[in-house]
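# Tertiary structure, described
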Amino acid sequence: MPSKPAPIKKAAKKEPAKKEEKAPEPEPAPAPVPEPAPAEPAPAEAAPAPEAEAAPAEAPAAEEPKAPTPPPPAEPTSAPVDIFVEDKNDTSVTIIWSQPENIGPSGLDGYSIEICKDGTEDWKAITDLHKSSRYVIKNQTTGERLKIRVVAVNAGGRSPPLALPEPVLVKEVADRPKIRMPRFLRQRYVASVGDKINLTIPFTGKPKPVVTWTKDGQPLDKKRVNIRSTERDSILFIRSSEREDSGVYEMCLKVEDFEDKASLILQIVELPGPPASVKIVDTWGFNVALEWTPPVDNGNTDITGYTIQKADKKTGDWFTVLEHYHRLNATISDLIMGNTYKFRVFSENKCGISEDASVTKGEAKILKTGIEYKVDEYKEHDFTEPPKFTTSLNDRSTTVGYSTKLLCSVRGLPKPKIQWMKNQMIIGDDPKFRQICVQGICSLEIRKPGNFDGGVYSCKAINDHGEVVVSCKLEVKQPIVADADKK
């Protein structure tokens with residue numbers, strides 16, 4: 001069986017292919033479909049075999065082939081949308097737009113950008129077909145007004161144009177100028193003489209702002225100060241700073257009718273001069289009192305202190321006795337007897353110590369004679385006092401047969417004598433009682449008290465300046481006996 005259907009399949013496949021080339025396939029007449037093999041794919045492919053056999057019989061009645069349908073005519077796209085000016089300056093305008101909503105089967109080849117002067121209709125294309133939806137119109141005259149439109153182009157032709165609603169003035173968009181003063185320049189900027197000054201101050205503004213600088217309200221000395229400005233910042237440069245460069249520098253930005261100002265304070269400092277004068281005010285014992293006046297030249301900054309030195313006339317060597325001293329007078333002590341001294345004072349500021357010093361005109365001589373040492377009479381303090389109890393006796397209760405203690409504390413000078421009494425009677429050396437007094441702490445121990453040991457106990461302290469007594473009550477109780485023990 002498989003060997004016979006093979007040639008039938010080949011014939012069935014070739015015959016319909018020829019018919020499709022000549023004419024569209026006629027609608028097949030309802031013919032009985034063989035039912036023996038509905039499940040397998042092979043019989044399904046072999047189903048056209050009966051039509052192939054019947055084709056020669058129906059061939060004379062077939063319709064003549066029709067000509068192929070011509071493609072539809074090419075149509076242009078719809079107009080581009082959302083055109084607006086993205087940016088502009090004095091010579092160019094940048095526009096941006098979106099592609100047409102309906103492009104069609106012909107596609108989109110590009111865009112034609114056209115301009116004309118305001119008041120005319122002389123539209124001119126300024127470029128070949130442009131692919132992207134953004135274009136920079138360059139080389140225009142500043143101040144000129146232009147009408148701008150965009151046309152989409154494809155095989156179907158040009159789309160309706162999309163124009164800006166109003167003519168565009170070819171001119172930089174003014175942006176209010178703003179100086180961005182760095183944080184470290186918002187306060188006083190201090191530098192030393194000879195330092196290189198290079199300060200950069202950024203700013204914003206469109207078109208490029210006009211930058212002007214002044215110092216203390218006057219134009220800058222171009223021989224001393226150089227200014228270099230770009231579109232984003234301005235640089236103040238001094239190759240080697242001098243004291244005269246100190247002052248208030250003001251920077252001004254101007255864009256059309258807008259302006260912004262900012263100032264910075266530049267302070268150039270150097271070492272101070274020496275104090276104006278130094279003199280010896282007084283000499284006594286081993287001490288010398290000095291006074292001086294502030295320097296005439298403080299180095300263009302505040303004086304932070306003074307350094308005082310001394311020199312012995314014999315050796316001539318200088319030694320520092322005080323540093324970073326803030327007053328205008330000082331006392332120099334611990335000088336050597338018999339020596340002669342000179343003194344000098346240096347000024348200090350944040351740059352350092354002055355190069356020169358002011359020296360005293362006179363000399364201070366520490367004399368050997370006329371010095372007597374007198375011992376001051378010392379009056380000994382009288383620490384004596386009468387006795388005084390700092391802790392009193394407290395009432396107590398105890399049980400028969402259980403030892404107890406009475407405690408108190410006393411002070412006085414000379415050391416007071418302690419007497420213990422029971423019911424106003426001196427106890428003395430009774431072995432039933434133990435008396436102790438150590439460093440003012442007095443105690444009376446009653447050993448295994450009986451029923452008759454209760455009463456009023458007193459402690460008396462006596463010295464040459466008086467006496468004092470404290471008392472307490474001692475209660476001796478019977479032990480509690482349980483009922484079972486009584487029986």
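A brief structural summary. (Residues numbered from 1 in each chain as written. Predicted model: local features only at pLDDT ≥ 70, side-chain atom pairs only at ≥ 80, totals over all residues. Heavy atoms only, no water.)

## Quick notes on the overall build of the chain
A count of helical and extended segments in the chain gives 4 helices and 36 strands. Across the 487 residues in the chain, those meeting the buried criterion constitute 31%. Taking the intrachain contacts of the chain between residues at least 6 apart in sequence as the baseline, contacts between residues at least 24 apart amount to 63%. When the accessible surface of the chain is split by element, carbon and sulfur atoms take 51% of a total near 32600 Å². (Helix = DSSP H or I, 4+ residues; strand = E, 2+ residues; numbered from the N terminus. Buried < 20%, exposed > 50% of the residue type's maximum accessible area, 1.4 Å probe, protein only. Contact = heavy atoms within 4.5 Å. Areas by Shrake-Rupley, 256 points an atom, 1.4 Å probe, with all protein chains shown as cover.)

## Digging into the packing of aromatic side chains
For the structure on display, the rule yields 6 aromatic pairs. Plain terms: the ring middles of Trp292 and Tyr306 are 5.7 Å apart, the flat faces sit at 65° to each other, and that makes the pair edge-to-face. Of this pair, Trp292 sits in strand S20 (residues 287-292) while Tyr306 sits in strand S21 (residues 303-312), and the two are 14 residues apart along the sequence. For Trp292, a relative accessible area of 4% translates into the label buried. (Phe/Tyr/Trp six-rings, centres within 6.5 Å; stacked < 30°, edge-to-face > 60°.)

## Considerations on the state of the cysteines
Evaluation of the coordinates by the stated rule reveals 0 disulfides. Just so you know, Cys472 is unpaired, no disulfide at all, and the nearest cysteine sulfur is the one on Cys408, 8.6 Å from it. (Disulfide = S-S within 2.5 Å.)

## Focus on the sheet that holds strand S2 (residues 93-98)
Hydrogen bonds between backbone atoms are what pair the strands of a sheet, whose relative direction is either parallel or antiparallel. The strand order S1-S2-S5 describes an open sheet built from 3 strands, whose pairing is antiparallel. Edge positions in the sheet fall to strand S1 (81-88) and strand S5 (134-137), since each of these pairs with one other strand and no more. Averaged over all neighbouring strand pairs, the angle between strand axes comes to 20°, with direction disregarded. Bridge count for S1 against S2 is 5 bridges, and the pairing is antiparallel. In the sheet register, Val85 faces S2, and the bridge partner there is Ile95. (Pairing = 2+ DSSP bridges. Axes fitted to C-alpha atoms, helices over the stretch in contact; angles between N-to-C directions.)

## A word on the nonpolar core
Of all hydrophobic cores here, the largest spans 20 residues; its most connected members are Ile201, Trp213, Tyr249 and Leu264. When residues of this core are traced back to their parent elements, those giving at least two are strand S12 (197-206), strand S16 (233-238), strand S17 (247-255) and strand S18 (258-269). Aside from chain neighbours lying at most four places away, what touches Leu264 is Leu185, Leu199, Ile201, Trp213, Gly247, Val248 and Tyr249. Counting residues in hydrophobic clusters, the runner-up holds 19 residues, among them Leu406, Ile427, Cys442 and Val470. (Core = buried A, V, L, I, M, F, W, Y, C linked by side-chain atoms within 4.5 Å.)

## A word on the pairing of S2
Taken together, S1 and the strand that follows it, S2, pair antiparallel across an intervening segment of 4 residues. In terms of strand pairing, S2 meets S5 through 4 bridges, oriented antiparallel. Within the sheet, the bridge partner assigned to Thr94 lies in S5 and is Val136.

## Describing the pattern of salt bridges
Where charged atoms of side chains with opposite charge meet at close range, the side chains can pair. Under the counting rule described, the total for this entry stands at 15 salt bridges. Among the ionic pairs, Arg224 bridges to Asp245, the shortest N-O distance being 2.6 Å. Remark: Asp245 occurs in the loop between S16 and S17 and Arg224 occurs in the loop between strand S14 (218-219) and strand S15 (226-229); sequence separation between them is 21 residues. Residue classification places Arg224 among the partly exposed positions, given a relative accessible area of 30%. Note on Asp245: relative accessible area 3%, which makes it buried. Ionic pairing is found between Asp453 and Lys422, a salt bridge with its closest N-O pair at 3.9 Å. Taken together, the positions of Asp453 in the loop between strand S34 (441-446) and strand S35 (455-463) and Lys422 in strand S31 (residues 417-422) put the pair 31 residues apart, joining distant regions of the chain. Comparing Asp453 with Lys422 shows no difference in burial state: the two are buried. Taken together, the shared-partner salt bridges in this structure form one network comprising Glu114, Arg149 and Arg158. (Salt bridge = Lys/Arg side-chain N within 4 Å of Asp/Glu carboxyl O.)

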